[in-house]
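Residue strings, one per chain:
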Amino acid sequence: MSTVEPFRIDVPQAGLDDLRDRLARTRWPDELPGVGWTYGVNKDYLVELVEHWRTGYDWRGHEARLNRVPQFTTEIDGQNVHFLHVRSPEPDAVPLIVTHGWPSTVYDFLDILGPLTDPRSHGGDPADAFHVVAPSVPGFAFSGPTRETGWGVNRTARAWAELMRRLGYHRYGAQGGDFGSIVSPELGRIDREHVIGVHVNALANAATPADPGELDTLSAAEREQAAQNQRWWYGHSGYATQMSTRPQTIAYALNDSPAGQLAWNLEWFVDWDPTRTERPPVDRDTVLTNVTIFWLTATAGSAARLYLEAGSEAWGRRPAPSPVPTGVANFLGDRAIRGLAELSNTITHWSRFSHGGHFASLQAPDLLVSDIRQFFRTVRPR
């Protein structure tokens, strides 16, 4: 089953009508007075956002925007895999596979596809062009749900290697953020003969030590940063604890209540805002599009399983060292520590930005594209 089939999103109107009906019948919980966002998602803000979702949000417009990008599906290792595939007009473009994280979808990449694939038309150097492949992570959106256990970091990376082989790309780069920042380096480890370089943002597994002995390898400043990161994570990791231990339990609520699913996903957008504006640092319709995709594909629970499936691969151990050149972009709020990243990656590029954010393709697409270009100039075939 190696056929690649064209794909187009065409959601039945009945699904949209059911969504609006459920939103209208939301049974709201109470909220303590004056707590704002300190106990979780603020009720007043969520009520307002749900009403906008029900009466003002235009799914068909966002569906059409997605459908303007070439999309395909194929079966890999028994799993349906959906992906965007945009070829560059430049003949010497480098293939690049880009991986999203949670609670995102490939919709997050729409603003960077043009500059990456056609820099000539976006004020850039055509020598920086890429052919971009952006798959939906197994279990997410149009690649979901998963039908069996085992779809963690390594299996996803192996699927990506097969996808690139199937598309005829024998030398390629990898990029990813959040969960994609774990899959992309793993892809470099398992397919090092073909991966020319790995670029990541929001590097998720280099913020805290995997074991106490790793602290001895860090500078004093890095040890202090690791301690701060651990304190921060303790107050923000409730969602991850639930999904990495009992994802099926939360799946019932997420799959039955669109308002509940929105709150579950929205909290992470707000928690990652280091300025604590108590508003999502990402455009609200973008948040709603991601959530709507999860809702319409009934994959919120399947996506949650990723945290359990990844298990020790992602959070409980340090990955094996990789010889593949690796670049890391750190945006405002990202917490990666170079000393920890260097334990399992060959870091050849490390940058920091004073703005942007964890969702860099949405919050700082120009900076992200520029950093990707800068890194891959050092590894492109000559």
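These figures come from a predicted structure and were not determined experimentally. (Residues numbered from 1 in each chain as written. Predicted model: local features only at pLDDT ≥ 70, side-chain atom pairs only at ≥ 80, totals over all residues. Heavy atoms only, no water.)

(A) Spatial organisation of the nonpolar core. One finds Ile 97, Trp 102, Leu 187, Leu 262 and Leu 266 to be the most contacted residues of the largest nonpolar core, which totals 111 residues. With eight residues, helix H10 (residues 258–271) is the largest single contributor of residues to this core. Excluding residues within four positions of it along the chain, Trp 102 makes contact with Phe 140, Asp 178, Tyr 239, Met 243, Trp 264, Asn 265, Trp 268, Ala 303 and Tyr 307. (Core = buried A, V, L, I, M, F, W, Y, C linked by side-chain atoms within 4.5 Å. Buried < 20%, exposed > 50% of the residue type's maximum accessible area, 1.4 Å probe, protein only. Helix = DSSP H or I, 4+ residues; strand = E, 2+ residues; numbered from the N terminus. Contact = heavy atoms within 4.5 Å.)

(B) Representation of the packing of aromatic side chains in the model. In the structure shown here, the tally under the stated rule is 16 aromatic pairs. Plain terms: the ring middles of Trp 232 and Trp 268 are 6.2 Å apart, the flat faces sit at 50° to each other, and that makes the pair tilted. Of the two residues, Trp 232 is situated in helix H7 (residues 220–234) and Trp 268 in helix H10; the sequence distance between them amounts to 36 residues. As far as the burial class goes, Trp 232 and Trp 268 line up, both buried. Cluster of aromatic residues (ring-pair linked, three or more members): Trp 102, Trp 232, Trp 233, Tyr 239, Trp 268 and Tyr 307. (Phe/Tyr/Trp six-rings, centres within 6.5 Å; stacked < 30°, edge-to-face > 60°.)

(C) Summary view of the pairing of strand S8 (residues 325–330). Most of S8 is tucked away: five of the six residues are buried. Here strand S7 (residues 195–203) pairs with S8 via four bridges, running parallel. Each bridged residue has a counterpart across the sheet, and for Asn 201 the counterpart in S8 is Ala 329. Both S8 and strand S9 (residues 346–352) contribute to a ladder of six bridges, which runs parallel. When the bridges of S9 are listed, Val 328 appears paired with Trp 350. (Pairing = 2+ DSSP bridges.)

(D) The side chain of Asn 345, seen in detail. The residue Asn 345 is located in the loop between helix H13 (338–341) and S9 in this model. Overall, Asn 345 belongs to the buried group, its relative accessible area being 9%. A polar atom in the side chain of Asn 345 sits 3.5 Å from the side chain of Arg 189. Dropping the residues within four chain positions of it, Asn 345 is found in contact with Pro 185, Arg 189, Ser 322 and Thr 326. (Polar contact = N/O pair within 3.5 Å; in protein donor to acceptor, adjacent residues only side chain to side chain.)

(E) Fine view of helix H4 (residues 110–117). Extensive coverage of H4 is indicated by the burial of six of its eight residues. The complete set of buried residues in H4 reads Leu 110, Ile 112, Leu 113, Pro 115, Leu 116 and Thr 117. Where the residues of H4 are buried, they touch helix H3 (59–67), strand S3 (79–86), strand S4 (94–99), strand S5 (130–135), helix H14 (360–363) and helix H15 (365–376).

(F) Structural detail: the packing of helix H1 (residues 13–24) against helix H11 (residues 284–297). For the pair H1 and H11, the least separation of the axes is 11 Å and the interaxial angle reads 110°. Regarding the angle of H1 to H11, the classification is roughly perpendicular. Seen from above, H1 lies across H11 with right-handed handedness. Where H1 approaches H11, its residues Gly 15, Leu 16, Asp 18, Leu 19 and Arg 22 are matched on the opposing element by Thr 292, Trp 295 and Leu 296. Residues belonging to the contact of H1 with H11 are distributed by class as follows: four nonpolar, two polar and two charged. (Axes fitted to C-alpha atoms, helices over the stretch in contact; angles between N-to-C directions. Parallel < 35°, antiparallel > 145°, perpendicular 65-115°, else oblique. Left-handed = near helix turned anticlockwise from the far one by under 90°. Nonpolar A, V, L, I, M, F, W, Y, C, P; charged D, E, K, R; others polar.)

As far as function goes, none of this settles anything; it's purely spatial.
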